[in-house]
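Tertiary structure, described
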2 protein chains.
Amino acid sequence: MSRFWSQTSKKILPYVPGEQPNDRTYIKLNTNENPYPPSPLVLKAIRENANESLRLYPDPECNELRERIASYYGFNKEEVFVGNGSDEILAFSFMAFFMPDRPLIYPDITYTFYDVYASLFRIQHTIVPLKDDFTIDIKPYCTDGAGIILANPNAPTGIALDIDNLETILRNNPNNIVMIDEAYVDFGATSVMPLIKEYENLLVIQTFSKSRALAGLRVGFAVGNKDLIQGLNRIKNSVNSYPLDRLAIIGAMESISDNAYFQETKQKIINTRERIYENLNDLGMNIIKSKANFMFMCHKEIYGEELFKRLRQKGILVRHFNRPRIDNYIRVTIGKDDEMDIFIEQLKKVISEN
Amino acid sequence: MSRFWSQTSKKILPYVPGEQPNDRTYIKLNTNENPYPPSPLVLKAIRENANESLRLYPDPECNELRERIASYYGFNKEEVFVGNGSDEILAFSFMAFFMPDRPLIYPDITYTFYDVYASLFRIQHTIVPLKDDFTIDIKPYCTDGAGIILANPNAPTGIALDIDNLETILRNNPNNIVMIDEAYVDFGATSVMPLIKEYENLLVIQTFSKSRALAGLRVGFAVGNKDLIQGLNRIKNSVNSYPLDRLAIIGAMESISDNAYFQETKQKIINTRERIYENLNDLGMNIIKSKANFMFMCHKEIYGEELFKRLRQKGILVRHFNRPRIDNYIRVTIGKDDEMDIFIEQLKKVISEN
């Protein structure tokens, strides 16, 4: 701590991303990256655009990329915002719609960055426990008393809410923003995006990092009523005029264009997830049915942190959260089939050695 | 305006970047971009790294890039922070060292983003007028009563403070952060960086956008005592774990490595600036002596906005700020020699047509 730090800097508890160790080669199932490479069209476009144009600022409005996303999902450019990963968009959303005078409500077990933003921007927030089976009880979200942020599917559980429940929440909150963080929606959940035409209080946030295999490029986007998007733009233009560089813009555009590749690779991940469910069950794992590119699971005898450590020793990186209610679980990203076979083999060893 | 916007969102006055029109081909002297392309080594490295690795998150700590910058300037990695352009670093600095309880002081005529950050993060600030000749009177900055941010050279004037004056300010502010924004320092001013070893209250911010011709890649950096850098890291890790993508990291690293190219291109810009000074003088322009890659100037008879508009009609884009005290001036980025010759030719026409 330094005497020069602001109150804010002293008080916040920053987010801790999954580890990226270099000490040996691991099968990396800890940060929900896509095991397949980005579309070849993305890589080709980036190579072609690594030229003299990099001396010039990017388009601060990212018009071409916003048009491409809008047209793919059936919206107008004015209903789309793009940012440096969905995390930056979440941060901007907290500032645009809550900081500092509007209250917010979200579940106890969810993406931990929501806590960080609420603390950083001093936003009054209410935390509602998930039910014992980690599903969301929608009643506390139907009071029209506070803005809402929900990850759907939720992280780190992978459980999705269906559209009917989401619409009930939206209908009961005419005076509050409802933000749905759909970082993992492409892996089997249903997007709430079509409801944007009906609900001016709905903001949907997605990312290119997971289903589009571009975690290394840093692109996320939000879709919502144009007044909400304008609010996000005001914040963006008060923090950093150009958060997306020229190569990220061009890469994301090509990713949207190569729909066949996107559909094929995300389906492969879904297939792998469904295939290994029974294998894991047979090993005595308690697995939550997931609609994401990860699975949340625990073993009846081996404590979560122990499982995490023993798998790490065997060259498998998974994620363990040292937080109440979920400290007995590990979160395992869905890799390629051969990676998951090795994971299961090593997990079997860990269990038999217990 | 939307009823869903937060107080913050309603009240801020966002920054307006220079225009990027597509209606015709302009000689673009309005956003202080470098007229020379980035180093060929930068472009080669980006092309080589546009590969499968983009599916993986970047290093959230940007260790390799921070080491490269640290070693070039004679510091340790722990004394270097990197961000998505120097604007993002400025925003993080305002949060890390001021938000919301510490007062701040800066000049009336300077980079207008400082006003935006102070308003966004609700930081109490005092604005001190520049002297009539647009130089900085250092006395108000020597009271140890508030944190300080100064652009050196200042924008949009291009006037630099010398090291002795900067050290006087540092010595008189043992209890306050002094941030020196050196976005344009490579074009002829003296960096205050060597004083970091002596002054734990000094934070120096630079960018790859101007002298390194990488505005399109979005990389900035800050150097300071490791406790200050840690404060910035806390904010970064509370907003966005990965603001720099893999290609920006690799491109910036190669830019630092190609020192010969950097020295050669920045010297060319300095030479062009000095060469055209007399030509402009002969046209009756009143030009402020600049240490940056732009010149701030006015004409004794043609009002600044008129000059801006007439040059635009002739295919030359410059910047005009509609703000008190400087509304009679235009800011002209230093381009290549042939571009500046066309600028002078067109300016001559504008003046003769008056």
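1. A short note on the overall build of chain A
From N to C terminus, chain A includes 11 helices and 12 strands. In summary, chain A has a C-alpha radius of gyration of 21 Å against a globular reference of 20 Å for 354 residues, a match within 12%. Taking the principal axes of the C-alpha coordinates as reference, chain A spans close to 55 × 50 × 50 Å. Within chain A, the fraction of its 354 residues that count as buried is 63%. When contacts within chain A are restricted to residue pairs at least 6 apart in sequence, those whose partners lie at least 24 apart make up 73%. Accessible area for chain A stands at about 12,700 Å²; split by element, carbon and sulfur atoms hold 47% of it. Across chain A, 42 positive and 46 negative side-chain charges occur, with their mean positions spaced 4 Å apart.

2. Quick notes on the relation of the copies chain A and chain B
Once turned by 180° and shifted 0.0 Å along the axis, chain A lies on chain B with an RMSD of 0.0 Å. Taken together, the rotation angle and the small translation identify this as a two-fold axis. The position closest to the rotation axis in chain A is occupied by the C-alpha of A:Arg47, lying 2.4 Å away.

3. Examining helix α7 (residues 226-239) of chain A
All names here are of chain A. Here α7 spans 20 Å end to end across 14 residues, near enough to the 20 Å set by a 1.5 Å rise per residue. Burial of α7 is extensive: 11 of the 14 residues sit out of reach of the surface. Within α7 the residues assigned to the buried category are Leu228, Ile229, Gly231, Leu232, Asn233, Arg234, Ile235, Lys236, Asn237, Ser238 and Val239. Its side-chain oxygen placed 2.8 Å from the backbone nitrogen of aspartate 227, asparagine 225 serves as the N-cap of α7.

4. Here's the deal with the environment of A:Cys142
All names here are of chain A. Here cysteine 142 lies in the loop between β4 (125-128) and β5 (147-151). Separated by 29 residues in sequence, cysteine 142 and arginine 171 have C-alpha atoms that sit 8.2 Å apart. Excluding residues that lie within four positions of it along the chain, cysteine 142 makes contacts with Thr168, Ile169, Asn172 and Asn173.

5. Details of the pairing of strand β6 (residues 178-181) of chain A
The side chains of a regular strand alternate between the sheet's two faces. Residues and elements named next belong to chain A. Alternating positions in β6 separate into two faces, Val178 and Ile180 on one and Met179 and Asp181 on the other, with burial throughout. Both β5 and β6 contribute to a ladder of 4 bridges, which runs parallel. Note on β6: the bridge partner recorded for isoleucine 149 is methionine 179. Handedness of the crossover joining β5 and β6 through helix α6 (residues 163-171): right-handed. Bridge analysis of β6 against strand β7 (residues 202-207) gives 4 bridges, and the strand direction is parallel. Bridge pairing links aspartate 181 to isoleucine 205 in β7.

6. A closer look at unusual backbone geometry
All names here are of chain A. Put simply, alanine 155 and proline 156 share a cis peptide bond, and its omega is 0°. In this fold, proline 156 is placed in the loop between β5 and α6. Phi angles above zero are rare outside glycine, and arginine 122 is one such case at about 55°. As for its position among the elements, arginine 122 is in the loop between α5 (113-120) and β4. A relative accessible area of 35% places arginine 122 in the partly exposed class.

7. Examining helix α10 (residues 304-313) of chain A
All names here are of chain A. Taken together, the buried positions of α10 are Gly304, Leu307, Phe308, Arg310 and Leu311. Here the buried face of α10 lies against β9 (285-287), β10 (294-299), β11 (316-317), β12 (330-333) and α11 (337-352). Positive backbone phi, at 85°, marks glycine 315, one or two positions downstream of α10.

8. Observations regarding the confidence of the model for chain A
Confidence along chain A averages 96 in pLDDT terms, with 100% of residues attaining 70 or more. Interface confidence for the predicted complex, given as ipTM, is 0.97, next to a pTM of 0.97.

9. Overview of the sheet that holds β6(A)
Residue and element names in this part refer to chain A. What the 7 strands build is an open sheet, ordered β2-β8-β7-β6-β5-β3-β4; its pairing is mixed. One side of each edge strand has no neighbouring strand; the edge strands of this open sheet are β2 (80-83) and β4. For this sheet the average axis-to-axis angle between neighbouring strands, irrespective of direction, equals 20°.

10. Let's talk about the packing of aromatic side chains
Residues and elements named next belong to chain A. Inspection of every chain in the model, using the stated rule, returns 34 aromatic pairs over all chains. Relative to phenylalanine 221, the ring of phenylalanine 208 lies with its centre 5.6 Å away and its plane at 70°, an arrangement referred to as edge-to-face. Of this pair, phenylalanine 208 sits in the loop between β7 and β8 (220-224) while phenylalanine 221 sits in strand β8; the two residues are 13 residues apart in sequence, bridging distant segments of the chain. In terms of burial, phenylalanine 208 and phenylalanine 221 fall into one category: buried. Its guanidinium or amino end placed over the ring of tyrosine 26, arginine 24 lies 5.2 Å from that ring's centre, counting from NZ or CZ.

11. Examining the pattern of salt bridges
Residues and elements named next belong to chain A. A full pass over the atoms with the stated rule returns 38 salt bridges over all chains. Across the pair arginine 325 and aspartate 108 runs a salt bridge whose closest N-O atoms are separated by 2.8 Å. One end of the pair, arginine 325, is in the loop between β11 and β12; the other, aspartate 108, is in the loop between β3 (104-107) and α5, with 217 residues separating them in the sequence. Three or more residues joined by partner-sharing salt bridges are found here, namely Arg273, Glu274 and Lys289.

Rules of the game
Residues numbered from 1 in each chain as written. Chains lettered and ligands numbered in written order. Predicted model: local features only at pLDDT ≥ 70, side-chain atom pairs only at ≥ 80, totals over all residues. Heavy atoms only, no water. Helix = DSSP H or I, 4+ residues; strand = E, 2+ residues; numbered from the N terminus. Rg over C-alpha atoms; globule rule 2.2 N^0.38 Å. Buried < 20%, exposed > 50% of the residue type's maximum accessible area, 1.4 Å probe, protein only. Contact = heavy atoms within 4.5 Å. Areas by Shrake-Rupley, 256 points an atom, 1.4 Å probe, with all protein chains shown as cover. Lys, Arg positive; Asp, Glu negative; His and termini not counted. Charge placed at Lys NZ, Arg CZ, Asp CG, Glu CD. Least-squares fit on C-alpha atoms with pLDDT ≥ 70 in both. Expected span 1.5 Å × (residues − 1). Polar contact = N/O pair within 3.5 Å; in protein donor to acceptor, adjacent residues only side chain to side chain. Pairing = 2+ DSSP bridges. Right-handed = clockwise from strand over helix to strand, strands pointing away. pLDDT = per-residue confidence, 0-100. Axes fitted to C-alpha atoms, helices over the stretch in contact; angles between N-to-C directions. Phe/Tyr/Trp six-rings, centres within 6.5 Å; stacked < 30°, edge-to-face > 60°. Lys NZ or Arg CZ within 6 Å of the ring centre and 35° of its normal. Salt bridge = Lys/Arg side-chain N within 4 Å of Asp/Glu carboxyl O.

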